[in-house]
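Each chain is listed here by its residues.
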Amino acid sequence: MTKIIGIAGSLRVGSYNAALLHAAAGLMPSVATLEITTIKGIPLYDGDVEAAQGIPPAVELLKNQIANGDGLLIATPEYNNSMPGVLKNAIDWLTRPSTDIARVFGNRPIAIIGASPGGFGTILSQDAWLPVMRTLGVRQWFGGRLMVSRAGTVFNDSGEMIDDKAKAQLQQFLHGFVEYVDSSPSEGNT
C-alpha cells in the first residue's frame with residue numbers, strides 16, 4: 001500500500017486547503033492512503049533556539065512522518081501572491097539540521113495542490129514553491145496541476161467538497177500522482 005503524507009499550509013480551522021486534503025483522503029486510489037499531518041505547534045524558526053534546545057518535538061514528528069511515507073502532497077494557500085509564511089517556516093525547520101534534508105526530502109516524490117477563494121487558484125504560490133523544492137532535491141510531479149479557485153463555492157460550510165467537477169479533477173490528479181510515486185525508484189528515500 002502506497003502511503004502519501006499530506007500537509008496543509010494553513011493553520012486556520014476552516015482552511016480550504018485542509019478541506020482539500022480531507023477530500024483527497026476520500027478520493028485516493030485503492031492502492032494508496034493519504035495520512036494527513038499538521039504544521040501546528042511548529043514555532044518560528046530561530047537558530048538560537050535550535051542551538052540551545054535542538055529540534056522541537058513537533059518538527060521531529062513531522063520529519064519522521066514524511067521520511068516514512070512514499071510521497072508528499074502539499075496543499076498550499078496563496079498569501080499576497082506567494083507561498084504562506086507558516087508553511088515556509090515549517091519547511092525551513094524540516095531542513096534542520098541540514099544533514100536531514102536527504103532523509104526527509106531527497107528524491108522524494110512531491111505534488112503541490114491548492115485552494116483559494118480567488119479566481120486564479122494558487123498558481124503563484126505553487127510557482128513560488130518550485131525553487132524551494134528544487135533546492136531540497138525532491139522529485140516533483142508535473143503530470144498535472146490542481147488549483148481550486150473560488151473555493152467558497154467548491155466546499156460547503158462543513159468543509160465538504162460539493163463540486164462534482166472539482167472532485168473529478170482531484171481524483172484524476174491523485175491517480176496520476178500515486179502512479180508517479182509507485183513508478184519512482186525508492187533509493188534516496190531513506
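Provided above is the structure to which this section pertains.
Residues numbered from 1 in each chain as written. Predicted model: local features only at pLDDT ≥ 70, side-chain atom pairs only at ≥ 80, totals over all residues. Heavy atoms only, no water.

A. Structural context of the pairing of strand β2 (residues 32-37). The pairing of strand β1 (residues 2-8) with β2 spans six bridges and is parallel. Looking at β2, one finds that Ile4 is bridged to Leu34. Remark: the β1/helix α1 (residues 16-27)/β2 crossover connection has right-handed handedness. (Pairing = 2+ DSSP bridges. Helix = DSSP H or I, 4+ residues; strand = E, 2+ residues; numbered from the N terminus. Right-handed = clockwise from strand over helix to strand, strands pointing away.)

B. Here's a closer look at helix α6 (residues 123-136). Taking 1.5 Å per residue as the helical rise, α6 with its 14 residues ought to reach 20 Å, and the 20 Å between its terminal C-alpha atoms agrees with that figure. Leu130 marks where α6 bends most, by close to 30°; the proline Pro131 follows one to four residues later. Every buried residue belonging to α6 is among Ser125, Gln126, Ala128, Trp129, Val132, Met133 and Leu136, and all of these are buried. Against β3 (71-75), α4 (85-94), α5 (101-104), β4 (109-115), β5 (139-140) and β6 (146-148) lie the buried residues of α6. One or two steps after α6, the chain reaches Gly137, where phi turns positive at roughly 80°. (Expected span 1.5 Å × (residues − 1). Bend = angle between axes of the 7 residues up to and from the residue. Buried < 20%, exposed > 50% of the residue type's maximum accessible area, 1.4 Å probe, protein only. Contact = heavy atoms within 4.5 Å.)

Bear in mind that shape data such as this cannot, by itself, settle questions of function.
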